[in-house]
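Here's the letter readout for the chains.
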Amino acid sequence: MPHDVLSQMPRPTRFGSNDGQPPTRRDGELKVTGRAVYAADNHPDRMLYAVIAASRIARGRVVALDVAAAKAHPGVVEVLTPDNRPALAHDPNEKIPPFGFRIEVLQDDTVRYPGQPIALVVAETLEAATEGAALLDPRYETLPARTSRDDGERFAPQAVGVGSPPRTSYGDVEAGLAEAARVVEADYVTPAQYHNAMEPHAVVAEWDGDRLTLDMPNQALALSAASYAAYFGVPPGNVTIRSPFLGGGFGSKAILNGPQVLAIMAARMLDRPVKLVLTRAQMYGPVGHRGQTWQSLRLGMDGDGRLTALHHRSLSATSTFDDFLEPAANASLPLYASPAILAEHEGLRLDTGTPGPMRAPGEASGSAALEVAIDEAAEACGMDPLAFRLLNYAETEPGNGKPFSSKALRACYEDGARRFGWADRPLEPRRMRDETGFLVGWGMGTAVFPCPHFPAEARATLRADGTALVETAGADMGQGAWTALAQIAAESLGLDLDQVEFHSGLSTLPNGGVAGGSAHTASAGSAIDGAGRNAIARLAEIATADPASPLFGAGNIGVEARGGRLVRRDDESRSERYADILARAGQSAVVGFAKAERDPSTASGYAMYSHGAVFAEVKIDPSLGQMRVTRLVGAFAAGRIINPRLARSQYLGGMIWGVSFALHEEAVTDARTGRIMNADLAEYRVPVNADVPAVDAILVPEEDPVVNVLGVKGVGEIGITGTAGAIANAVWHATGVRPRRFPIRIEDLIGHLR
Ligand code: MOS
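Note that this is a predicted model, so its numbers are computed, not measured. (Residues numbered from 1 in each chain as written. Predicted model: local features only at pLDDT ≥ 70, side-chain atom pairs only at ≥ 80, totals over all residues. Heavy atoms only, no water.)

**Brief notes about the overall build of the protein chain**
Looking only at helices and strands, the protein chain has 16 helices and 28 strands in total. In terms of overall dimensions, the protein chain is globule-like: its C-alpha atoms have a radius of gyration of 27 Å, near the 27 Å expected for 754 residues. Reported as C-alpha extents along the three principal axes, the dimensions of the protein chain are approximately 85 × 75 × 50 Å. Across the 754 residues of the protein chain, 61% fall into the buried class. Taking all contacts inside the protein chain whose residues are at least 6 apart in sequence as the whole, residues at least 24 apart take part in 79%. For the protein chain, the exposed surface amounts to about 27,500 Å²; the carbon and sulfur share of it is 50%. The distance from the centre of the 72 positive side-chain charges to the centre of the 89 negative ones in the protein chain is 2 Å. (Helix = DSSP H or I, 4+ residues; strand = E, 2+ residues; numbered from the N terminus. Rg over C-alpha atoms; globule rule 2.2 N^0.38 Å. Buried < 20%, exposed > 50% of the residue type's maximum accessible area, 1.4 Å probe, protein only. Contact = heavy atoms within 4.5 Å. Areas by Shrake-Rupley, 256 points an atom, 1.4 Å probe, with all protein chains shown as cover. Lys, Arg positive; Asp, Glu negative; His and termini not counted. Charge placed at Lys NZ, Arg CZ, Asp CG, Glu CD.)

**Quick look at the domain arrangement of the protein chain**
For the protein chain, the domain assignment lists domain 1 (362-452 + 604-752) and domain 2 (456-597). A separation of 39 Å is found between the C-alpha centroids of domain 1 and domain 2. Counting from both sides, the interface comprises 17 residues of domain 1 and, opposite them, 17 residues of domain 2. Around 1,200 Å² of area is buried between domain 1 and domain 2 when both sides are counted, 57% of it from carbon and sulfur atoms. Our count for the domain 1 to domain 2 interface comes out at one salt bridge. Where Arg640 meets Glu491, a salt bridge forms, and the shortest distance between an N and an O atom there is 2.9 Å. The tally of links between domain 1 and domain 2 comes to five residue pairs in polar contact (both at pLDDT 80 or more). (Domains from an automatic or database assignment. Buried area = accessible area lost by both parts, 1.4 Å probe. Salt bridge = Lys/Arg side-chain N within 4 Å of Asp/Glu carboxyl O. Polar contact = N/O pair within 3.5 Å; in protein donor to acceptor, adjacent residues only side chain to side chain.)

**Thoughts on the sheet that holds strand S18 (residues 439-450)**
The mixed open sheet is built from five strands, whose spatial order is S17-S18-S26-S27-S28. Two strands lie at the open edges of the sheet, namely strand S17 (432-433) and strand S28 (694-699), each paired on one side alone. Relative to strand S27 (residues 627-637), strand S26 (residues 609-620) is paired through 10 bridges, and the arrangement is antiparallel. Within S27, the position partnered with Ala613 by the bridge is Ala635. Contacts from helix H9 (residues 409-420) reach S18, S26, S27 and S28, with the element oriented near 25 degrees to S26. (Pairing = 2+ DSSP bridges. Axes fitted to C-alpha atoms, helices over the stretch in contact; angles between N-to-C directions.)

**Focus: the side chain of Asn238**
Considering the arrangement of structural elements, one finds Asn238 in the loop between helix H5 (221-232) and strand S12 (239-242). A polar contact of 3.3 Å, which involves the side chain of Asn238, links it to the side chain of Arg211.

**Observations concerning the sheet that holds strand S21 (residues 500-503)**
In a beta sheet, neighbouring strands are held together by backbone hydrogen bonds and run either parallel or antiparallel to one another. Spatial strand order, S21-S20-S19-S25: four strands in an open sheet with mixed pairing. Strand pairing shows two members of the sheet lacking a second neighbour, S21 and strand S25 (589-596), which therefore form its edges. Each strand axis lies, on average, 15 degrees off the axis of its neighbour in the sheet, ignoring direction. Here strand S19 (residues 456-463) runs beside strand S20 (residues 468-471); their pairing, made up of four bridges, is antiparallel.

**Some points on the pattern of salt bridges**
It is possible for side chains of opposite charge to pair when their charged atoms get near one another. Tallied over the entire structure, the rule returns 50 salt bridges. Across the pair Arg425 and Asp384 runs a salt bridge, and its minimum N-O distance is 3.9 Å. Within this pair, whereas Arg425 is found in the loop between H9 and S17, its partner Asp384 is found in the loop between helix H7 (363-380) and helix H8 (385-391), the two being separated by 41 residues in sequence. As a salt-bridge pair, Asp580 and Arg577 come within 3.2 Å of each other at their nearest N and O atoms. Take Arg577: its relative accessible area is 38%, and that puts it in the partly exposed class.

**Points about the packing of H7 against helix H15 (residues 723-735)**
The contact between H7 and H15 brings their axes to 7 Å, and the two run at 40 degrees. Between H7 and H15 lies a crossing of right-handed hand. Contacts between H7 and H15 involve Ala368, Glu371, Val372, Asp375 and Glu379 from the former and Ala724, Gly725, Ala728, Asn729 and Trp732 from the latter. Split into classes, the residues belonging to the contact of H7 with H15 amount to five nonpolar, two polar and three charged. (Left-handed = near helix turned anticlockwise from the far one by under 90°. Nonpolar A, V, L, I, M, F, W, Y, C, P; charged D, E, K, R; others polar.)

**Overview of unusual backbone geometry**
Residue Pro97 is joined to Pro98 through a cis peptide bond whose omega torsion reads 0 degrees. As for its placement among the helices and strands, Pro98 is situated in the loop between strand S3 (76-80) and strand S4 (110-111). Omega for the peptide link from Phe742 to Pro743 comes to -5 degrees, which places this bond in the cis form. Mapped onto the elements, Pro743 comes out in the loop between H15 and helix H16 (746-749). At Asn196, a residue that is not glycine, the phi angle is positive and equals roughly 50 degrees.

**Notes on the pairing of S3**
Within S3, four of the five residues are buried, which leaves it mostly tucked inside the rest of the structure. Taken together, the four bridges between S3 and strand S5 (residues 117-123) define a ladder with antiparallel strand orientation. Counted as the bridge partner of Leu80 is Leu120 from S5.

**Notes on the packing of aromatic side chains**
One pass over the full model with this rule turns up 18 aromatic pairs. Ring centres 6.4 Å apart and planes at 65 degrees place the aromatic pair Tyr393 and Tyr413 in the edge-to-face group. You can see Tyr393 sitting in the loop between H8 and H9 and its partner Tyr413 sitting in helix H9, a full 20 residues away along the chain. Its relative accessible area of 1% is what places Tyr413 among the buried residues. Site record: aromatic cluster; members linked through ring pairs are Tyr38, Phe245, Trp482 and Phe502. Cation over ring: Arg268 sits above Trp207, and NZ or CZ is 4.2 Å from the ring centre. (Phe/Tyr/Trp six-rings, centres within 6.5 Å; stacked < 30°, edge-to-face > 60°. Lys NZ or Arg CZ within 6 Å of the ring centre and 35° of its normal.)

**Here's the deal with the side chain of Lys275**
When you line up the elements, Lys275 lands in strand S13 (residues 274-277). Buried and without a salt bridge, Lys275 has Asp41 as its closest oppositely charged side chain, separated by 6.6 Å. A polar contact of 3.2 Å, which involves the side chain of Lys275, links it to the backbone oxygen of Asn42. Beyond its immediate stretch of four places on either side in the chain, Lys275 contacts Ala40, Asn42, His43, Met47, Leu48, Tyr49, Ala50, Val203 and Val204.

**What about the nonpolar core?**
Counting 90 residues, the largest nonpolar core has Leu299, Phe388, Ile620, Leu632 and Ile727 as the members making the most contacts within it. When residues no more than four places from it in sequence are discounted, the contact partners of Leu632 are Val614, Phe615, Ala616, Met655, Val659, Pro693, Ala694, Val695, Asp696, Thr723 and Ile727. (Core = buried A, V, L, I, M, F, W, Y, C linked by side-chain atoms within 4.5 Å.)

This is the structure we're talking about:
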């Protein structure tokens, strides 16, 4: 093997742990010194390079490829096309549950979206493979691309997102609208967006007989290993995925994709290691995106401003060959008290790659529309938007009356509003200007994200020297799992952080679940906590049964773990070091193991969400319509926060993504060719530093005795939710113009500003 992945694991560090500050990222030093090895940094001996040839049409058929020219190019070893590609043990058209997608692996000559792989060229060098791919000179039979709401085929989905119901209904929405004193109806549009992780999708695949080793960035190691095993007809234990570091994932590295499977195929076919790295442009197609939505909201309010009905409908785009739909309308289910709520989805088939989960799937797009609609409803009632939200505050989950496991949203509203200065906001739009004459507006939105739990396992080994090794196959895509999970381990073991060696990012370790759904710390952390406690319990059994121990006879319940010692609860002067207990027992270690799953009665009995409130200030040049977010304040309650430094960082990143959603991001499709016109980071706009305002994140205290043993909810995705709506509402407050499509464009405002 080219490198020992265990040597890549961040070593125990003291940074921040003893100065009263939350620890900094354990992997920080490896990354800033360039020693962190990412998937594409691996170069096993005899490695070949693979390059995807991608379709330049959106729909049709490949009728000719000049394979001979490509193969004749010096250094080219093989060209995979539908004619010669090896068979898979599992039909790539059949999804592998629970998160499987239909993957595109040259199963036929049909082109279903632009950027679809149509061949794979493998060569001795990257240059030769790239040249070979260019020589293929594909000829197409081209059909007109279906790119818009008007020319795609509509369908009623079986499910949205990852297995959510496409339609949820409480009460009678039509009756609620009929009896309302005021009704607000509006349509909103959100664009296709692409994950654009800094690190492109990459894989280095190496076969040894029927054993497969993959260096690849991966958010779901156990599930992926099982899926690769199924595709290649080997036992799941024969697949090892090494993913110590990811340069961002955002959902796109939780799902298997065709190009990676093709590279693995080539490695097996040629019996040599193969590396494939997608180009930036190739990340706009076969590896998922956030699908377009067209959302319609209808809200009814009584004379006091109380909701009588909330109807949220989303038309969500997907591909012609798979079903993933943005569950946007479901964003309206958990947040506002209304006697009648209807959330429903329709699908639209376009000639595009299949969308997939992208940071806050459903909630990001859905809350952008919902929070603007709520602002419009407050306006219709002549109410302050915060007062309107408080009046319609849901004390229990709307529709089913389930109690929230915890919900400190009121405190989020209060703390955020106070920090922002919301009380000084004029009710009417266009009332504020800055010293240069720019229009100033203030808007807000509510943030919400559910708290799923993925089954996870962990192992904790207390060693003879009193230190510990804790292992779980999780993934750190930059969010800080290396650090937060090690902190949980240290706490459960009664050790300092620098006494805990933490291994993760390797599929042969105990299954750490999925780094997704904002659930990694909660899921893997619960397992780690359990494993640590289990190891301590085993150690306590040894000590309390040993007449030579000062803890003899205390019983398991009678000792606690702290500072590397077991201490009698009833007499703190009687304690013993872990190392001494093990030494006297002649044991080199004790091992604890735990599996953490959500208790079904908790799952069915409670509504579990993180909440937040986001406040935004924008300034707009009245001559040019140029918009800038100048201030953002978010206040979030997400249960127990393991590491405030890293949680705050997640909130800031999420809110900046909200700026991006509101003002920047959009993949633009050329209606003539069906191709994405801005498939690069020069023209696919994301915020640069100059676009990012003063961002402030408040960590609102919240205790949750229900959600899991740790009381941890999740912080990874909630920052995006609420933020785009807050910015759009601030734009309205500045200008009196109501934005209803994202990103908000200058041309939406210009002509209405003077
Ligand atoms: Mo996420 S979209 O669950 O990585």
